[in-house]
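Given next are the chains, with one letter for each unit.
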Amino acid sequence: MTASPRPILRSAILAAGTGAPVLLLHGSASSAAMWTPVIDALKHRFRLLAPDLIGYGRTDPWPAGHDYSLDDEVRLIAPLVMHEPRGIHVVGHSYGGVVALQLARASGVVTRSLTLIEPVAFYAMRDACEPQAWSEIDAFRQAFVDRIAAGEIEAAMRAFVDYWSLAGTWDAMDEAARAQMRRASAKIVLDFQAAFADPGPDPFRDIRLPLHLIVGDRSPPPVRRIAAVLFQRMSYGALQIVHGANHLLPATHHRVLSELLLARLKD
């Protein structure tokens, strides 16, 4: 593996609306298209920017033979927003929430607020006295990685999808959607790697921004515990529980999410 030079990737983005800029970052095995209902609801007040993260949608996959980290996601995203004089609102779901936290640490990017929807910042549980939640998600990650390494893509993706939504969700999906998810499996391994990587001591110390955490009450316990840890660690935060929602909250509860964003984001 080589650390440099960094690969040059083609990236894709959805953009709509006018007003204060809002950056929307999707989660693993998804794409910018997941934000379409939210974009439609907010575009009368805000300028929405929704990039496809590396390996998803129309953005190039990560090439073999190169180390990967969250900084590589930020490297593609930052040029889209670093010249905004008033800064940007950043909204991230799942792995996109982890990327959003890394972006907030980046120099040259002025972030006005963070809205994190079920952020999978697994590293936050490592030193947060959350042994049960940590053990559950670490075992889940290892089982997924082992299955992918063994070529058991179907079993890995079935377990992945059903864990984050409901049992039987994978089997209920149409074949085109399952094929797309299978193609994402290698990048999901890298997403897990990045979300578990140690970001250094006190990684939230310098993130002093208005923070809105949103989590579903039917989501896996580790994700709910991560939201609680971030709420405790980041003194500028608010925590919102969406009843009846699981990890697919932006898709299943997009109207609720849009109303929350319209109420909290500043023009």
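Note that this is a predicted model, so its numbers are computed, not measured. (Residues numbered from 1 in each chain as written. Predicted model: local features only at pLDDT ≥ 70, side-chain atom pairs only at ≥ 80, totals over all residues. Heavy atoms only, no water.)

A. Structural detail: the overall build of the chain. When helices and strands are tallied, the chain shows 12 helices and seven strands. The C-alpha radius of gyration of the chain comes to 17 Å, within 12% of the 18 Å expected for a compact globule of 267 residues. If you line up the chain on its principal axes, its C-alpha atoms span 50 × 45 × 40 Å. Intrachain contacts of the chain at a sequence separation of at least 6 include 76% that bridge at least 24 residues. (Helix = DSSP H or I, 4+ residues; strand = E, 2+ residues; numbered from the N terminus. Rg over C-alpha atoms; globule rule 2.2 N^0.38 Å. Contact = heavy atoms within 4.5 Å.)

B. Quick peek at a nonpolar patch on the surface. Judged by side-chain polarity, Phe231, Leu239 and Ile241 come together as a nonpolar surface patch covering roughly 230 Å² of accessible area. A relative accessible area of 36% means that Phe231 is categorised as partly exposed. (Patch = residues over 30% accessible without salt bridge, like charges linked within 9 Å, V, L, I, M, F, W, Y side chains within 5 Å. Areas by Shrake-Rupley, 256 points an atom, 1.4 Å probe, with all protein chains shown as cover. Salt bridge = Lys/Arg side-chain N within 4 Å of Asp/Glu carboxyl O. Buried < 20%, exposed > 50% of the residue type's maximum accessible area, 1.4 Å probe, protein only.)

C. Summary view of the side chain of His93. Its location among the elements puts His93 in strand S4 (residues 88-93). A distance of 2.8 Å separates the side chain of His93 from the backbone oxygen of His247, its partner in a polar contact. For His93, the contacting residues outside a window of four places in its chain are Leu25, His26, Gly27, Met34, Trp35, Ile117, His247 and Pro250. (Polar contact = N/O pair within 3.5 Å; in protein donor to acceptor, adjacent residues only side chain to side chain.)

D. The arrangement of the nonpolar core in detail. Counting 67 residues, the largest nonpolar core has Leu101, Leu114, Phe122 and Phe160 as its most contacted members. Contacts of Phe160, omitting those with residues within four sequence positions, involve Ser28, Ala29, Phe140, Phe144, Ile188 and Phe192. Membership of the second largest hydrophobic core comes to 22 residues, among which are Ala32, Trp35, Ile214 and Val242. (Core = buried A, V, L, I, M, F, W, Y, C linked by side-chain atoms within 4.5 Å.)

E. Examining the packing of helix H2 (residues 70-81) against helix H3 (residues 95-105) more closely. Axis separation between H2 and H3 bottoms out at 9 Å; the angle between their running directions is 75 degrees. On the basis of the axis angle, H2 is roughly perpendicular to H3. Contacts between H2 and H3 involve Leu70, Asp71, Glu73, Val74, Ile77 and Ala78 on the former and, on the latter, Tyr95, Val98, Val99, Gln102 and Leu103. Within the contact of H2 with H3, the residues separate by chemical class into eight nonpolar, one polar and two charged. (Axes fitted to C-alpha atoms, helices over the stretch in contact; angles between N-to-C directions. Parallel < 35°, antiparallel > 145°, perpendicular 65-115°, else oblique. Nonpolar A, V, L, I, M, F, W, Y, C, P; charged D, E, K, R; others polar.)

F. Main features of unusual backbone geometry. Located in the positive-phi region is Ser94, a residue other than glycine, with phi close to 55 degrees. Mapped onto the secondary structure, Ser94 falls in the loop between S4 and H3.

G. Local environment of the layout of surface pockets. In this model, the largest pocket occupies a volume close to 640 Å³. Lining of the largest pocket is provided by 28 residues; of these, Ser28, Ala29, Ser30, Met181 and Leu248 occupy positions nearest its centre. Residue assignment for the lining of the largest pocket shows that the elements contributing at least two residues are helix H6 (153-164), helix H8 (175-183), helix H9 (185-196) and helix H11 (249-252). Of the residues forming the lining of the largest pocket, the biggest block, four residues, is contributed by H9. (1 Å grid on protein atoms, 1.4 Å probe; cavity = no way out; pocket = protein on both sides within 12 Å on 5 of 7 lines; lining within 4 Å. Points joined across faces, edges and corners; volume = space filled by probe spheres on them.)

H. Layout of the pairing of strand S3 (residues 46-51). Most of S3 is tucked away, with five of its six residues classed as buried. For strand S1 (residues 13-16) and S3, the ladder comprises four bridges, and the chain directions are antiparallel. Along S3, the bridge assignment pairs Leu14 with Ala50. Bridge count between strand S2 (residues 20-25) and S3: four bridges; the pairing is parallel. Note that in S3 the partner of Pro21 across the bridge is Arg47. Handedness of the crossover is the feature at issue here: the chain leaves S2, passes through helix H1 (residues 36-42), returns alongside S3, and the resulting connection is right-handed. (Pairing = 2+ DSSP bridges. Right-handed = clockwise from strand over helix to strand, strands pointing away.)

I. Spatial organisation of the sheet that holds S3. Pairing within the open sheet is mixed, and its seven strands lie in the order S1-S3-S2-S4-S5-S6-S7. For this open sheet the edge positions go to S1 and strand S7 (237-242), each flanked by a neighbour on one side alone. The mean inter-strand angle of the sheet, taken between neighbouring strand axes irrespective of direction, is 15 degrees. Running at roughly 145 degrees to S4, H3 makes contact with S2, S4 and strand S5 (111-117) of the sheet.

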